[in-house]
Amino acid sequence: MTNASVLKTTDDTVPADVLRGVIALAHHAGAKGWVPATSGNFSVRIDKSACAVTASGGDKGALTAAGVIRAGINGPAHPRASAEAPLHYLMYKLSPSIGAVAHVHAQPAVLASLVLAQDGRVRIEGLELLKALNGIKTHATHVDVPVFENDQDMDALAARVEARLKADELGWGFLLVGHGLYAWGADTQETLRHLDAFDYLFTLMLKMKGIPA
Ligand SMILES: [Zn+2]
């Protein structure tokens, strides 16, 4: 993914390091099997009003620069943007500290949304790897990951996510029932770490309930 040929882009307004970050997120998710059948999307912030985000379709595990677009987080809609891109834009608007956003259809996340959700959240507790989430200093705590009903109306879904994350706390990610995980971080590296942490934590929580994951 550091191969210079991969970084050639038709859109020179996407900085090379930002482009590299989007591709790193996508290739990592592809290698883990989290984005089957052209699912998933990934973005990295460019500045306060724009991000680089994966275009609709394509195998994210084999993403190249041609599959990345520059999109304004306040619109107008980019013609090649994924239907799910507005949830990325929402996260950048919710917090200036968010520098990268990833969306995956990883099986442990989907399973967790279906079988571990109670009262609109999945509670993760008592596990050392919680400390991989930014700001968590001890295993002796719990993290509640918000769970939202899936929706094909992205504007309606974004409004529900925005209302809840503003009322509760921003956290590090949320689940869509039967669909997958959105996770974010200050930058590409932190977002990668959060993706790995959630995958491990959901897998363990499922196994503790006797559910193969
Ligand atoms: Zn999805």
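Everything here concerns the structure above.
Just so it is clear, the model here is predicted, and its values are computed rather than measured. (Residues numbered from 1 in each chain as written. Predicted model: local features only at pLDDT ≥ 70, side-chain atom pairs only at ≥ 80, totals over all residues.)

Engineer: Help me out: how do you make sense of the pairing of strand β5 (residues 121-125) in this one?
Structural biologist: Working note: regular strand, side chains alternate between the two faces of the sheet. Across the two faces of β5 the burial differs, with V122 and I124 buried and R121, R123 and E125 not buried at all. Here β5 pairs with strand β6 (residues 142-148) via 5 bridges, running antiparallel. Paired with R121 across the bridge in β6 is P146. (Buried ≥ 20, exposed ≤ 12 C-beta atoms within 10 Å, placed from the backbone. Helix = DSSP H or I, 4+ residues; strand = E, 2+ residues; numbered from the N terminus. Pairing = 2+ DSSP bridges.)

Engineer: I keep staring at the sheet that holds β6 and nothing clicks. Help me out?
Structural biologist: In sheet architecture, strand pairing relies on hydrogen bonds along the backbone and comes in two forms, parallel and antiparallel. With respect to topology, 8 strands assemble into an open sheet ordered β3-β2-β1-β4-β8-β7-β6-β5, the strand pairing being mixed. Looking at the sheet topology across the chains shown, the edges are occupied by β3 (68-72) and β5. Shown here is a sheet whose adjacent strand axes are inclined to one another by a mean of 20°, direction ignored. Where strand β1 (residues 41-47) meets strand β4 (residues 100-104), 4 bridges bridge the pair, whose relative direction is antiparallel. If you follow F42 over to β4, its bridge partner there is A102. (Axes fitted to C-alpha atoms, helices over the stretch in contact; angles between N-to-C directions.)

Engineer: What exactly am I supposed to notice about the nonpolar core here?
Structural biologist: General note: in soluble globular proteins, nonpolar side chains tend to be found buried as a group. Residues V22, A52, A102, V104, A109 and L175 are the most contacted members of the largest nonpolar core, which totals 58 residues. Aside from chain neighbours lying at most four places away, what touches A102 is L25, A29, F42, A183, T191 and L195. (Core = buried A, V, L, I, M, F, W, Y, C linked by C-beta atoms within 7 Å. Contact = placed C-beta atoms within 7 Å.)

Engineer: Before we go on, may I ask you to explain the packing of helix α3 (residues 107-115) against helix α5 (residues 188-208) in this structure?
Structural biologist: What describes two packed helices is the angle between their axes and the distance between those same axes. At a closest axis distance of 8 Å, the pairing of α3 and α5 adopts a crossing angle of 50°. As far as their axial angle goes, α5 and α3 are oblique. In this structure, α3 meets α5 at a crossing whose hand is left-handed. Where α3 approaches α5, its residues P108, A109, L111 and A112 are matched on the opposing element by F198, D199, F202, T203, M205 and L206. Partitioned by chemical class, the residues of the contact of α3 with α5 number 8 nonpolar, 1 polar and 1 charged. (Parallel < 35°, antiparallel > 145°, perpendicular 65-115°, else oblique. Left-handed = near helix turned anticlockwise from the far one by under 90°. Nonpolar A, V, L, I, M, F, W, Y, C, P; charged D, E, K, R; others polar.)

All we've got here are geometric facts, nothing functional implied.
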